[in-house]
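Listed here are the chains, written in short residue letters.
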Amino acid sequence: MPRSHSMLSPEAAADGPSSWLSAPYGAVYESTHEDIIVRHDPTLDLVAVIALHNTQLGPAAGGCRCWHYDSQAEAVTDAARLSEGMTYKNAIAGIGFGGGKSVIMAPKSGSLTTEQLHRFGEWIEELDGRYVTAEDVGMGVASLRRVAERTRFVSGLGHNGVGGDPSPYTALGVLRGMQAAVRHRLDRDDLENIHVAVQGLGNVGMRLATLLHEQGARLTVADPDRARVDLAVKALGATPVGLDEIIGAPVDVFAPCALGGVLTQSSVRDLRATVVAGAANNQLATQDVGDLLMAQGVLYAPDYVINAGGVISIAAEYRGKFDATIVRARVDNIYDRTAAILKRAYLSGESTNRIADDLAAAILNAAPRKIPS
Ligand code: NAI
């Protein structure tokens, strides 16, 4: 199965899943999505994209992102790209879900209204369980509760004090993946005095920074939100740097925890860290950036392998089988899974991202084929 990063124009989305598309970072790929649905309610001034990449392993699961996109094409591209990453993430995490993602074009007025969230919920309900949504950037538990008033296909809300916001599990998984990468690259079993640059102190980044602080790591941080930076400085002894400086900070580990696409052919030349391990989805602008990182001697812990803690929690909650001890143990397994991928990459001389993709593709290839109805 090819790894595509599809830039889908609205026209292309209307053409169906096999259109040739121009990609955001210069290349051209064939979309492998099963379905990309663009919904528009002009009365409510609401545009949403629901991308179903692959449902071979189960319903397409992946959160909803509410973001300021310059165009509808950009929103479609993001949904397409993120949903493909979810296919790989969910396959490797072994949670019995396929890959999907939705995005909502953030309204100019600011936050989404109850009516808009309800309409979005109705659009998901119409898919009758082919897609299951949850939190993502710009879509928190409160908004998701409004969505859930119109659809059954939501997880990450929490029931009877279990489940809910997946971010703590994501942060824990990223920590475990980072520990495996530090072990592999720096030959260290602990993070004491390991210097980590955390880019983005949101739901995951702040929790990750806190866990790292508890492990004795030193922190350098950046976030446009001054209050979050101040909190990290005060509570965690972090050193603040500018948004443009964080990637080139003189640290051991760079942890991207904001948005995707931060690792480009040009930006990675500024890296001084020898390990990259963070929460952001789609950190590599293109797959060959992973090769470049390897050539530079930087160990990249594949994003979707180490940030799967959240989907592990979401899947358990959706199935009504949330047991905190079991979920924690499954998130803990991210250490072993990451270590195995890093070792295989080391032995084969291939980049870690390609090894992870190969593994996900092998899992999908081994799954029973769906019989077309
Ligand atoms: P969030 O929206 O809570 O946090 C993002 C943070 O990044 C915000 O504090 C924002 O101010 C900051 N930011 C924005 N632009 C920045 C820049 N240029 N430099 C530095 N910081 C910047 O999002 P959340 O939930 O923490 O997710 C972070 C990343 O992790 C996203 O890419 C998300 O897709 C990914 N992720 C999140 C999961 C979760 O459980 N929340 C699960 C798996 C992946």
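Everything quoted here is computed from the prediction, not taken from an experiment.

Novice: Please set out the pairing of strand E9 (residues 195–199) residue by residue, giving values where relevant.
Specialist: Burial analysis of E9 places five of its five residues in the buried class, which makes it a mostly covered element. Side chains His195, Ala197 and Gln199 project from E9 onto one buried face, and the interleaved Val196 and Val198 project onto a second face that is buried too. Pairing analysis gives five bridges linking E9 to strand E10 (residues 218–222), with the strands arranged parallel. The partner of Val196 across the bridge, within E10, is Leu219. The β-α-β motif built from E9, the intervening helix H6 (residues 203–214) and the parallel element E10 has right-handed crossover chirality. Examined bridge by bridge, E9 and strand E12 (residues 253–256) share four bridges and lie parallel to one another. Bridge pairing links Val196 to Val253 in E12.

Novice: Go over the pattern of salt bridges with me, naming the residues and quoting the values.
Specialist: If you walk through the whole model with that rule in mind, you get 19 salt bridges. Residues Arg39 and Glu126 are paired through a salt bridge, measuring 3.5 Å at the closest nitrogen-oxygen approach. Here Arg39 is found in strand E3 (residues 35–41), whereas its partner Glu126 is found in helix H3 (residues 114–126), with 87 residues between them in sequence. On the basis of relative accessibility, which here comes to 28%, the residue Arg39 falls in the partly exposed class. A relative accessible area of 52% places Glu126 in the exposed class. Here Asp41 makes a salt bridge to Arg119, at a shortest N to O gap of 2.0 Å. Of this pair, Asp41 sits in strand E3 while Arg119 sits in helix H3; the two residues are 78 residues apart in sequence, bridging distant segments of the chain. A single salt-bridge network, built from bridges that share partners, covers Asp41, Arg119, Glu122 and Arg150.

Novice: So what's going on with the packing of aromatic side chains? Which residues, and what values?
Specialist: For the structure shown, the criterion picks out three aromatic pairs. Seen in terms of ring centroids, Tyr88 and Tyr304 are 5.8 Å apart; in terms of plane orientation they differ by 55°. Their pairing is tilted. A residue pair is termed long-range when its members are at least 10 positions apart, and Tyr88 in helix H2 (residues 72–93) and Tyr304 in helix H9 (residues 303–306) qualify at 216 residues. Each member of the pair, Tyr88 as well as Tyr304, carries the same accessibility label: buried.

Novice: Residue-level account of unusual backbone geometry, with values.
Specialist: Here Asp187, not a glycine, exhibits a phi torsion of approximately 55°, which is positive. In this fold, Asp187 is placed in the loop between helix H5 (167–186) and E9. Looking at Asp187, the relative accessible area reads 58%, which means it is exposed. Its identity as a non-glycine residue notwithstanding, Asn282 has a phi of 55°, on the positive side.

Novice: Before we move on, can you summarise the pairing of E3 with the specific residues and values?
Specialist: Direction of pairing for E3 relative to strand E4 (residues 46–54): antiparallel, over a ladder of seven bridges. When the bridges of E4 are listed, Asp35 appears paired with Leu52. The turn linking E3 back onto E4 is made up of four residues, and Asp45 within it adopts a positive phi angle of 55°.

Novice: Go over the sheet that holds E12, please, and point to the residues and values.
Specialist: Paired through backbone hydrogen bonds, the strands of a sheet run either parallel or antiparallel to each other. Taken together, the six strands give an open sheet; going across it, the order is E11-E10-E9-E12-E13-E14, and neighbouring strands pair in parallel fashion. Of all the strands in the sheet, just strand E11 (239–240) and strand E14 (299–300) have a single pairing partner and so form its edges. Relative to the sheet, H6 contacts E9, E10 and E12, its axis offset from that of E9 by approximately 170°.

Novice: Can you tell me about the site of the ligand, naming the residues and giving the values?
Specialist: What surrounds the ligand is a group of 24 residues, the closest being Arg65, Thr170, Val204, Asp223 and Ala258. In this structure, Thr170 approaches the ligand through a side-chain N or O atom, which is 2.7 Å from an oxygen atom. Interatomic distance of 2.9 Å between a backbone N/O atom of Asn203 and an oxygen atom of the ligand. A total of 830 Å² of accessible area belongs to the ligand in isolation, and the protein chains cover 82% of it. Of all the secondary-structure elements, those providing two or more residues to the shell around the ligand are H5 and H6.

Novice: Explain the packing of H6 against helix H7 (residues 226–236) to me, and be specific about the residues and the numbers.
Specialist: The interhelical angle for the contact between H6 and H7, taken along N-to-C directions, is 15°, at an axis separation of 11 Å. One element, H6, and the other, H7, form an angle in the roughly parallel class. Note on packing geometry: the crossing formed by H6 with H7 is right-handed. Contacts from Met206, Ala209, Thr210 and His213 of H6 reach H7 at Arg228, Leu231, Ala232, Ala235 and Leu236. Of the residues in the contact of H6 with H7, the class split is six nonpolar, two polar and one charged.

Novice: Any chance you could break down H6 for me, citing the residues and the numbers?
Specialist: The first and last C-alpha atoms of H6 sit 17 Å apart over 12 residues, in line with the 16 Å expected at 1.5 Å per residue. Every buried residue belonging to H6 is among Val204, Gly205, Met206, Leu208, Ala209 and Leu212, and all of these are buried. Buried residues in H6 make contact with H5, E9, E10, H7 and E12. Gly216 sits one or two residues past H6 and shows a positive phi near 90°.

Conventions and cut-offs
Counting restarts for each chain: residues are numbered from 1 in the order of the written sequence. Predicted model: local features are reported for residues with pLDDT of at least 70 only, side-chain atom pairs are reported and counted for 80 or more only, and whole-chain, interface and lining totals are derived from all residues. The basis for every side-chain value is the complete set of heavy atoms in the structure, and neither hydrogens nor water enter the calculation. Accessibility here uses a 1.4 Å probe with only protein chains present; expressed as a share of the type maximum, an area under 20% marks a residue as buried, one over 50% as exposed, and anything in between as partly exposed. Working definition: helices are DSSP H or I runs of at least four residues, strands are E runs of at least two. Numbering for both runs from the N terminus. Here, any two strands with at least 2 DSSP bridges between them count as paired. By convention a crossover is right-handed if, when the strands point away from the viewer, the path from the first strand over the helix to the second runs clockwise. Take a side-chain nitrogen of Lys or Arg and a carboxyl oxygen of Asp or Glu: if they are within 4 Å of each other, that pair is a salt bridge. Aromatic rings from Phe, Tyr and Trp, with only the six-membered ring used for Trp, were paired whenever their centres fell within 6.5 Å, and each pair was classed as stacked if the ring planes differed by under 30 degrees, edge-to-face if by over 60, and tilted otherwise. In what follows, a contact means two residues having at least one pair of non-hydrogen atoms within 4.5 Å. For helices, the fitted axis covers only the stretch in contact; all axes are lines through C-alpha atoms, and the angles between them, taken along N-to-C directions, range from 0 to 180 degrees. Here a residue is near a molecule or strand as soon as one of its heavy atoms is found within 4 Å of it. Pairing of N or O atoms within 3.5 Å defines a polar contact, subject to two protein rules: one partner must be a possible hydrogen donor and the other a possible acceptor, and residues neighboring in sequence count only if both atoms are side-chain atoms. The accessible surface values rely on the Shrake-Rupley method and a 1.4 Å probe; as for residues, cover is taken only from the protein chains in view. Our angle categories are set so that under 35 degrees counts as roughly parallel, over 145 as roughly antiparallel, 65 to 115 as roughly perpendicular, and the remainder as oblique. Take the far helix as the reference: if the near one is turned anticlockwise from it by less than a right angle, the crossing is left-handed, and if turned clockwise, right-handed. Polar here means any residue other than Ala, Val, Leu, Ile, Met, Phe, Trp, Tyr, Cys and Pro, which are nonpolar, and Asp, Glu, Lys and Arg, which are charged; Gly is therefore polar. Helix span is expected to be 1.5 Å times the residue number reduced by one.

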